[in-house]
Amino acid sequence: MLKFSSRLASRSLRYPVRNLPISGLVPQMATKRNFKSSAPKKSDIPEGYAVDSTAGNMLRFQASLPQLPIPTLSSTVHKYLETIRPLLTDAEYAKSQATAQEFLKSPQAAELQKRLEARAADPSIKNWLADWWNDVAYMGYRDPVVVYVSYFYVHLDDPRRRHPAKRAASLIKAMLPFRDLTESKQLEPEKVRGMPLCMNSYKWLFHASRYPTKPSDTAKKFDPKAHNHVVFVRKNKFYEVSLTTPEGHELSEAELEVQVERVIKIAGEEKGAPVGALTAENRDIWTDARSALIAGSPVNQQSLERIESSAIVVCLDDTTPVLREDISWACWVGDGRNRFYDKHQLLVFDNGRSGFIGEHSCLDGTPTLRLNEFILAYLAHNKVDLGAPRSSSTGANLPQPTELKFELDATCKKYIDEACHHFDELVGQHDMEVLHYEGYGKNLMKKFKASPDAWAQLVKQLAFHKMFNRPGVTYESCQTRKFQQGRTEVIRSVSSESKEWAEAMLNPEESDECRAVLFRRAVARHLQYAAWAADGQGVDRHLFGLKKMVRDGESVPAIYSDPAFSKSNHWELSTSQLSSKYLDGWGYGEVVTDGYGLSYSIDDHYIRWTITSLKRNTAELKHYLAEAATETRFMMERAAAAEQKAKL
C-alpha cells in the first residue's frame, strides 16, 4: 500500500527572504497592504512560456506549462531492469529480464501504451496521472492520515517569543500576508532553473479541508472573505477567533496575543471530549463518525463547518518539549487529541516552541515549506508589520473567543473513545530517532564536487548495508511540478553502482582510491536517476498508468506479478529531502511495515535525519547512519590525499 513518501516532493527548494518578493496591489481580507507592481517584463518570461494576464500573477504561466509526458515503453522497461538488477541474484534477474522483455514485445503492452497516450492527448485532461494518483495515494487511501500520510515540520526556536500566546500570535500575523498573496493570486510563482512550476495546489493552503467520505475522500475550499477566522484547539476544545476587529481592521500581533491568552484562560485545566481524535481514525470509520456527529445535533455540524472553513487550525498544546526527539514526536503525532488532522495545523507548545502539520491530500511539501519559511523568515528579519505595540487597552473592544461546542450522544462518545484507543495503539507501536549529524554538511560535499543529495543517499545505502548486508529498496521523492498538475515521481535510489560502492566500503582489503572512484560513479548514476524522475521519465508512474489501462476482463501483464516488481517497490527506505535554515526538523512515517521513514535535511555544516519505524531497531540505524557518514568523509579525504601525493 502506498503511503507517505510516495507523495512528498523532496528536491530541496529554499525560500530565504530575498527570494520571497511581495509584489502587486493585493486585495486583503481586512486591510490593504501596499506592494510594488509585479507586471512581468518580457525578459522575465522564460522561453517557451506565455503569460496569461487574466489568471493572476501566481498562475500567469499555468496555461503554458508542459503536460506530463508518457515515456516510451522501451525506455521504461530498460530503466526498470537497470533498477531491479542490484536487488536480485543472477538467476532471479534472468527470469525477471525475460518477463520484462516479453512484456515489451507484447501486443498488449503496445495497446496499453496506445490507450495511455490517448488519455494524455484528451484535451479535457490536463495531466494523465493526476486524478488516478490523487485517488489511489490520497483520497481513496483509508488508513489513518497519522501516521501514514501527514508530515510535520519543527520550527527553529524564536528566543524573542518564548510565551505560547506571543508565539502563536506572531505566527498567525506573519502568515496573513502570505495568505493574502495566495488568495489574491499575486504570489510570485516558484521557478527551478528558470522554469516556472505548477502553482495550482496553492489554493489548498488556507480555508480548505479534507472530508471523510466513502469510498474516497473529498476536499472543499471556502471563501476566505466569508470565513475570515482561525480556530484554536486547547485542552481538546475548539475556539473561533475572528482575524479582524469589529470595525474590520486586521488584528495586530498584540491583539492576537490577547485573544490567544483568552483562549488559554477560558480552556482552563480540564480537558474536553477529544472530538479532534476522530480525524486520526481510519477514514471509513471517521466517515461514519462524522455522520453520527451531524445527526446528533445541528450544533455539531455548525462547529465542524467553522473549523473546516477557518484559515488554519492552531493547536495550543500544554506540553513543553525540549529534546529533538520529543518535539519531533509532539509535532508528528502529539497525543492525537488536541488536533484536527483534516486541515493544515500550526502547533504551539507552552514553552514557545512551535511547528506545523501538513494535510497531504491536495498538495505536497514544497508549498507548505514555502509558507513556513515565509512566516519564520519574515519574523526573523523583522519584515512583518506587527501593528501597534501592546498597551493596557489592547483588545478591550474585541469579542471573546467563541467556543465551538459539540453535543455528544452515546454513539458519538463511543466513536471518540475508540478513536483514542486506536490512535494510542497505532502510535505506541512506533518509535523515532533524530540524528543531527554535525561532522560536516554540504560545504564539505561540494569541496569534493559531489551532489549533496546523492552523497546523503549513498550514506543511507552504506548504513543499510552495515545493518542488513544488502541494498535497501529506496524511494526518494522528486517533484514534477514543472508539468501541469504535477506532483511527484520516484527516484529509485539503489543502483548497481551504489551497491558496488557500499560493498567496497565494507571490504577491508579495498583501497580508498578505488572506493572514491566507485563513489563518484554512484553519484553520477544517482544524478541520472534524479534527472529522469524530474523530467517525468521515471519508472513507477508510467508502469502504474499502463496497469490502469487494463480493462475489465483483460489479463494483467505478467510483469506486474513478477516477484521483482513487488520487491523493487517495497520501499524499505522511504526518503525525502526538504532543507531550510528555518526548520529544526521534519518527518513522516514509514510506508511498509518492515521499513523506515527517513526524511533528511542538508545544511552547510550538518545533515539531519529523522527516522521512524515500527520499533525496528531504529536507534541502530541511527548509529549506522552516523558511522557511514563519518567513514564516507574520511574515505574521500584519504583518497584525495593519496591522489595529491601521487602527483608529487
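Remember, it's a predicted structure, so these values are computed and weren't measured experimentally. (Residues numbered from 1 in each chain as written. Predicted model: local features only at pLDDT ≥ 70, side-chain atom pairs only at ≥ 80, totals over all residues. Heavy atoms only, no water.)

> How do you make sense of the environment of histidine 422 when you look at a structure like this?
Structurally, histidine 422 can be placed in helix α12 (residues 410–428). In this structure the C-alpha to C-alpha distance between histidine 422 and alanine 280, which are 142 residues apart in sequence, comes to 8.8 Å. Leaving out residues up to four positions away in the same chain, histidine 422 has contacts with Glu281 and Ile285. (Helix = DSSP H or I, 4+ residues; strand = E, 2+ residues; numbered from the N terminus. Contact = heavy atoms within 4.5 Å.)

> I'm lost on helix α17 (residues 540–548) in this one. Help?
Structurally, the α-helix is built with 3.6 residues per turn, so residues lying three or four positions apart point the same way. Among the nine residues in α17, seven count as buried, and that is most of the element. Buried within α17 are the following residues: Asp540, Arg541, His542, Leu543, Phe544, Gly545 and Leu546. (Buried < 20%, exposed > 50% of the residue type's maximum accessible area, 1.4 Å probe, protein only.)

> Looking at this model, I keep getting lost on the packing of helix α1 (residues 73–84) against helix α16 (residues 512–534). Mind explaining?
When two helices pack together, you describe them by how their axes are tilted relative to each other and by the distance separating the axes. Here α1 crosses α16 at 140°, and the two axes come no closer than 13 Å. Here α1 is positioned oblique relative to α16, judged by the angle of their axes. When the axes of α1 and α16 are compared, the crossing they make is left-handed. Each of Lys79, Glu82 and Thr83 in α1 lies in contact with α16, whose residues at this interface are Arg525, Tyr529 and Trp532. Broken down by class, the residue content of the contact of α1 with α16 amounts to two nonpolar, one polar and three charged. (Axes fitted to C-alpha atoms, helices over the stretch in contact; angles between N-to-C directions. Parallel < 35°, antiparallel > 145°, perpendicular 65-115°, else oblique. Left-handed = near helix turned anticlockwise from the far one by under 90°. Nonpolar A, V, L, I, M, F, W, Y, C, P; charged D, E, K, R; others polar.)

> How should I be thinking about the environment of serine 309 in this particular structure?
Within the element layout of this structure, serine 309 appears in the loop between α9 (298–308) and β8 (313–316). Separated by 88 residues in the primary sequence, serine 309 and lysine 221 have C-alpha atoms spaced 7.6 Å apart. Setting aside anything within four residues of it in sequence, one finds serine 309 in contact with His207, Phe222, His227 and His229.

> Looking at this model, I keep getting lost on the confidence of the model for the chain. Mind explaining?
Regions with low pLDDT carry predicted coordinates that are not meant to be interpreted in detail. Per-residue confidence for the chain averages 93 on the pLDDT scale, and 93% of its residues sit at or above 70. In the predicted structure, residues 34–40 sits below a pLDDT of 50 and forms 17 contacts with residues beyond four places in sequence or in another chain. (pLDDT = per-residue confidence, 0-100.)

> Explain the pattern of salt bridges here, please?
Any two side chains of opposite charge can pair, given that their charged atoms come close. Scanning the entire structure with this criterion turns up 50 salt bridges. Close ionic contact of arginine 60 with glutamate 188 constitutes a salt bridge, the shortest N to O distance being 3.0 Å. Remark: glutamate 188 occurs in the loop between α6 (164–183) and β2 (191–192) and arginine 60 occurs in the segment before α1; sequence separation between them is 128 residues. Note on accessibility: arginine 60 and glutamate 188 belong to one class, buried. Put simply, arginine 353 and aspartate 157 hold a salt bridge, and the shortest N to O gap is 3.9 Å. Taken as a pair, arginine 353 in the loop between β9 (345–348) and β10 (354–358) and aspartate 157 in the loop between β1 (151–155) and α6 lie far apart in primary sequence, 196 residues in all. If you follow the salt bridges from partner to partner, you end up with Asp158, Arg160, Arg161, Lys166, Arg167, Glu253, Glu257, Glu261 and Arg390 in one network. (Salt bridge = Lys/Arg side-chain N within 4 Å of Asp/Glu carboxyl O.)

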